[in-house]
Amino acid sequence: MESPIPTDLSSSEFLVDSEVAAAAAAAVVRELMEVIETVGSYAGFRKTQRKDCLNLVRRLKLLVPLLEEIKDQVGNPLGVSGSGMDSLVSLKKALLGAKKLLKNCNHGSKIYLAMESEAVLSRFHGVYDKLNQALDGMPYDELGVSVEVKEQVELMRMQLKRAKRRTDTQDMELAMDMMVVFLKTDDRNADIAILERLANKLELHTIADLKAETAAIRKLVKHRGGHNETVQQILDLLGKFKLIVGIDETVSLDGPISTRTLRRCQSSLIPNEFLCPITLEIMTDPVIVATGQTYERESITKWLNSNHRTCPKTGQTLDHLSLAPNFALRNLILQWCEKNNFELPKKDTYPSSYTYSADLMEEISLLVKDLSSSHPNVRRDAVMKIRMLSKENPENRISIANTGGIPGLVQLLYYPDSKIQEHAVTALLNLSIDETNKRLIAREGAIKAIIEILQNGTDEARENSAAALFSLSMLNENKILVGNFNGIPPLVSLLQNGTIRGKKDAATALFNLSLNQANKSKAIKAGIIPPLLRLLDDKNLDMVDEALSILLLLVSHPEGRNEIGRLSFVETLVGIIRSGTPKNKECAVSVLLELGLNNSSLTLAALQFGVYEPLREIAINGTNRAQRKANSLLQHMSKCEHIP
């Protein structure tokens, strides 16, 4: 019998080499187990990828029994073959890729991860592929892996393959909100209600959240090698989120660290009670609000000027808006600074800030008066400047309303000059970002005038009129007003014949308005169904999701079902269910289910068009919501046709 030891090595040399190989294999196994332990300790996965991350971590933990058995085997100097070592190295590369992805989803920019959700999902799929490839050639027998553990690993591989085919959609509200806030033009602002809702969905609604997001964006820019259009969009949205909580500052990612940042780093031992709860900076002019909480005067003033009427720290509604100087705390801060040789930040004094505000208030007051000037050029200049001022910040929007700007702008909606009308409706769109202004604008009779411009104005005026109606209709009472003033037919016309931006503005407005039951009937009578069906066929517009979302609202109405429930539409839905995106499929299945539950003949028609097999695929591999809807539809079909 031949010796297993090669003839060109002595026994001692062979054992030494084998021990080195075993030690190397043991080191790789330890690294693999450390990676799994590390990713298992992550606790802050971003909301947009949380489910994918938790699923991946759970599957990686299923590898622990495999690694423990291999760890026992590699202790035997003859227990690691070349193919076994290669498999371990491949698995190490796959796990390190998974760790990098999970770390990014735990520490990365929340805004970026939401924007790039499709690309991040592709990275998950890439990790699934690498894990599968590494496990595919694993020599279980040589590595001493038991049958039970091998079966467990193979089950995990099946889960990975299934996860590769399945895609969980972003919820429709988040997708539409992101679409609206990134629809960037020179004269459009995202509605504050949408921004606040988006901030909550992305979990960026506290000072600490925003500071952590700023740090994450800095790392992102450094990693990507500088600014680009995507980074600028992220910075713009971050700035809007900061304004919501009362922080007015520009994030500089390219320049040196600011003096304020350096000072904060040096003063990490500042007592917490000396720090403003809003900015986390040491206070130079502390003031007390109605709840008894203390803030830096500048910070709480910005918060209140942003039309907030609550205490940022407690969330309680403020009984009054008076600010009382906290002299006792200021004296303690000064004593601490002197004792610790700490220099307080130099800030503009309150009087100079007040003087600036007074000058601006005077300018706004004069512009509002000029809205009623008998000279057309004066009116045009005034409304154009108010349009720009209303775009800039929340304080301007409140000041314009408080000085009587809304009635003047509403009057100009009827002025026989298309450019003045365009400026006026856009200014009102900007003013409507403020929640209080929404009611004031409607109370002045603006909705009826905006609808007239929507019917007869320039392309830009019509687009901004649709956006204004969307913003105003965030209030339920305004949804009713738009419907009663016959605002839905011109929106349907814009959806059918407008520019690309006009179609998108009309779609978002009609979606919002159709949340009201009476408006659903009005939209159907206005002929909304045909243009929505055309949007399903026009792939260049990329508005299939919007069209299906509105159709899903309308199909719950009897008139909508009668109008939509045609064989040609059922065939279109089946085509989307067969080959659409995961979002498309989910919505199309929901629409078909609603139709089928109310008309079994449509269910049978869908079966004839070949919906059964793709529907079964969705029931296994679709999004969670799509799976539920698909299973409900399959059960209904079995009753209609007795399908086993």
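The numbering scheme is per chain: residues are counted from 1 as the chain's sequence reads. Where totals are concerned, whole chains, interfaces and linings use all residues; where local detail is concerned, this predicted model gives features only for residues with pLDDT of at least 70, and gives and counts side-chain atom pairs only at 80 or more. Hydrogens and water are ignored here; the side-chain numbers use all heavy atoms of the structure.

- The name that an unreviewed UniProt entry assigns to the protein chain is RING-type E3 ubiquitin transferase, with the source organism given as Gossypium aridum.
- Recorded under Function (unreviewed entry), the UniProt text for the protein chain is reproduced unchanged: "Functions as an E3 ubiquitin ligase." UniProt positions are given in the numbering used here, feature names are shortened, and annotations may be inferred rather than shown by experiment.

### Concerning the overall build of the protein chain
So, step 1. Strands here mean DSSP runs of E at least two residues long; helices mean DSSP runs of H or I at least four residues long; both are numbered from the N terminus. For the protein chain, the helix and strand inventory stands at 34 helices and three strands.
So, step 2. Burial statistics for the protein chain: of 644 residues in total, 49% are counted as buried.
So, step 3. Looking at the protein chain alone, contacts between residues at least 24 apart form 71% of all its contacts between residues at least 6 apart.
So, step 4. With the model as given, the accessible surface of the protein chain reaches about 30,900 Å², and the carbon-plus-sulfur share is 51%. Each residue is assigned to one of three classes by its accessible area relative to the maximum for its type, calculated with a 1.4 Å probe on protein chains only: buried under 20%, partly exposed between the two thresholds, exposed over 50%. Contacts were defined at the residue level, with two residues in contact if any of their heavy atoms lie within 4.5 Å. With residues, only the protein chains shown are counted as cover, and all accessible areas are computed by Shrake-Rupley using a 1.4 Å probe.

### A closer look at the environment of M138
So, step 1. Within the secondary structure, M138 sits in the loop between α6 (117-136) and α7 (147-165).
So, step 2. Relative accessible area serves as the criterion here: at 5%, M138 is assigned to the buried category.
So, step 3. Expressed as a C-alpha distance, the spacing of M138 and S83, which sit 55 residues apart in the sequence, is 7.9 Å.
So, step 4. Excluding anything up to four places from it in sequence, M138 contacts S87, L91 and L143.

### A few points about the packing of aromatic side chains
So, step 1. Side-chain rings of Phe, Tyr and Trp (the six-membered ring for Trp) are treated as a pair once their centres are within 6.5 Å; stacked means planes under 30 degrees apart, edge-to-face means over 60, and tilted covers the remaining angles. Per the counting criterion, the structure on display carries four aromatic pairs.
So, step 2. When the ring of F124 is compared with that of Y128, the centres are 6.4 Å apart and the planes differ by 50 degrees; the resulting orientation is tilted. Of this pair, F124 and Y128 both sit in helix α6, four residues apart, roughly one helical turn. The burial state of F124 is the same as that of Y128; both residues are buried.
So, step 3. Ring pairing ties together the aromatic residues F274, W336 and F342, which thus form one cluster.

### Comments concerning the sheet that holds strand β3 (residues 324-325)
So, step 1. At least two bridges found by DSSP between two strands is the condition for calling them paired. Here we have three strands laid out as an open sheet, ordered β2-β1-β3, and antiparallel in their pairing. The open sheet terminates on both sides in strands that have one partner only, identified here as β2 (294-296) and β3.
So, step 2. Helix axes are fitted only over the stretch in contact, all axes being lines through C-alpha atoms; the angle between N-to-C directions runs from 0 to 180 degrees. Along the sheet face, helix α13 (residues 297-305) touches β1 (286-288), β2 and β3 and points at about 95 degrees away from the line of β2.

### Focus on the pattern of salt bridges
When the charged atoms of two side chains with opposite charge come close together, those side chains can pair.
So, step 1. Just to be clear on terms, a salt bridge is a Lys or Arg side-chain nitrogen sitting within 4 Å of an Asp or Glu carboxyl oxygen. With the rule as written, the count across this model stands at 15 salt bridges.
So, step 2. Note that E203 and R50 form a salt bridge whose closest N and O atoms lie 2.9 Å from each other. With E203 in the loop between α9 (192-201) and α10 (207-224) and R50 in helix α2 (residues 50-61), the pair connects residues that are 153 residues apart, well separated along the chain.
So, step 3. Judged by relative accessible area, R50 falls into the partly exposed class, the value being 28%.
So, step 4. Here E477 and R439 are joined by a salt bridge, their closest N and O atoms 3.1 Å apart. Taken together, the positions of E477 in helix α23 (residues 476-484) and R439 in helix α20 (residues 435-443) put the pair 38 residues apart, joining distant regions of the chain.
So, step 5. Residues participating in the shared-partner salt-bridge network are D136, E154 and R157.

### So, helix α27 (residues 529-537)
So, step 1. Along α27, the residues classified as buried are I529, P531, L532, L535 and L536. Viewed along the axis of α27, the buried residues span an arc of 170 degrees, placing them on a single side of the element.
So, step 2. Close packing links the buried residues of α27 with α24 (488-497), α28 (544-554), α29 (558-564) and α30 (567-579). The directions from the helix axis to the C-beta atoms are what the arc is built from.

### Focus: the UniProt feature "repeat: ARM" (unreviewed entry) in the protein chain
So, step 1. Here the UniProt-annotated "repeat: ARM" (unreviewed entry) positions come out as residues 404-446, 445-487, 486-528 and 527-564.
So, step 2. Secondary structure across residues 527-564 comprises 71% helix and 0% strand; the distance between its end C-alpha atoms is 11 Å.

### Structural notes on the environment of D285
So, step 1. One can find D285 in the loop between α12 (259-266) and β1.
So, step 2. Separated by 42 residues in sequence, D285 and F327 place their C-alpha atoms 8.7 Å apart.
So, step 3. Here R297 takes part through its side chain, which lies 2.7 Å from a polar atom of the side chain of D285. Polar contacts here mean pairs of N or O atoms no more than 3.5 Å apart (in protein, one a potential hydrogen donor and the other a potential acceptor; neighbouring residues in sequence count only if both atoms are side-chain atoms).

### Comments concerning the side chain of N621
So, step 1. Along the chain, the position of N621 falls in helix α33 (residues 612-621).
So, step 2. Within the local environment of N621, its side chain forms a polar contact with the side chain of E617, the two groups lying 2.6 Å apart.

### Regarding unusual backbone geometry
So, step 1. At N486, a residue that is not glycine, the phi angle is positive and equals roughly 65 degrees.
So, step 2. Here N486 shows up in the loop between α23 and α24.
So, step 3. Despite not being glycine, D542 has its phi angle at roughly 55 degrees, a positive value.
So, step 4. Note that D542 resides in the loop between α27 and α28.
So, step 5. Looking at D542, the relative accessible area reads 61%, which means it is exposed.

### Digging into the side chain of K503
So, step 1. In this fold, K503 is placed in helix α25 (residues 500-513).
So, step 2. Lys and Arg are tallied as positive, Asp and Glu as negative. Neither His nor the chain termini are counted. Summary of buried charges: K503 has no salt-bridge partner, and the nearest side chain of opposite charge, D538, is 6.6 Å away.
So, step 3. Among all residues touching K503, those that are not within four sequence positions of it are L494, L495, Q496, N497, G498, L541 and M543.

### Here's the deal with α30
So, step 1. A helix is expected to span 1.5 Å for every residue after the first. Here α30 spans 19 Å end to end across 13 residues, near enough to the 18 Å set by a 1.5 Å rise per residue.
So, step 2. Taken together, the buried positions of α30 are occupied by F569, V570, L573, V574, I576 and I577. Along the long axis of α30, the arc covered by the buried residues comes to 160 degrees, so they all point the same way. More than 90 degrees from the buried face of α30, the exposed residues found are L567 and S579.
So, step 3. In this fold, the buried residues of α30 make contact with α27, α28, α29, α31 (582-598), α32 (600-608) and α33.

### Topic: the confidence of the model for the protein chain
Close inspection of predicted coordinates is inappropriate for parts of the model with low pLDDT.
So, step 1. One confidence number per residue, pLDDT, is output by the predictor and ranges from 0 to 100. Per-residue confidence for the protein chain averages 82 on the pLDDT scale, and 84% of its residues sit at or above 70.
So, step 2. Across residues 1-16, where pLDDT falls below 50, the model places seven contacts with residues more than four positions away in sequence or in other chains.

### Quick word on the packing of α2 against α6
So, step 1. Running from amino to carboxyl end, α2 crosses α6 at an angle of 10 degrees, the nearest separation of the two axes being 11 Å. If you check the angle between α2 and α6, you find them roughly parallel. Seen from α2, the contacting residues are D52, C53, L56, R59 and L60; seen from α6, they are L121, F124, V127, Y128 and L131.
So, step 2. Charged means Asp, Glu, Lys or Arg here, nonpolar means Ala, Val, Leu, Ile, Met, Phe, Trp, Tyr, Cys or Pro, and polar covers whatever is left, Gly included. Taken together, the residues of the contact of α2 with α6 break down into eight nonpolar, no polar and two charged. For classification purposes, angles smaller than 35 degrees are called roughly parallel, those larger than 145 roughly antiparallel, those between 65 and 115 roughly perpendicular, and all remaining angles oblique.

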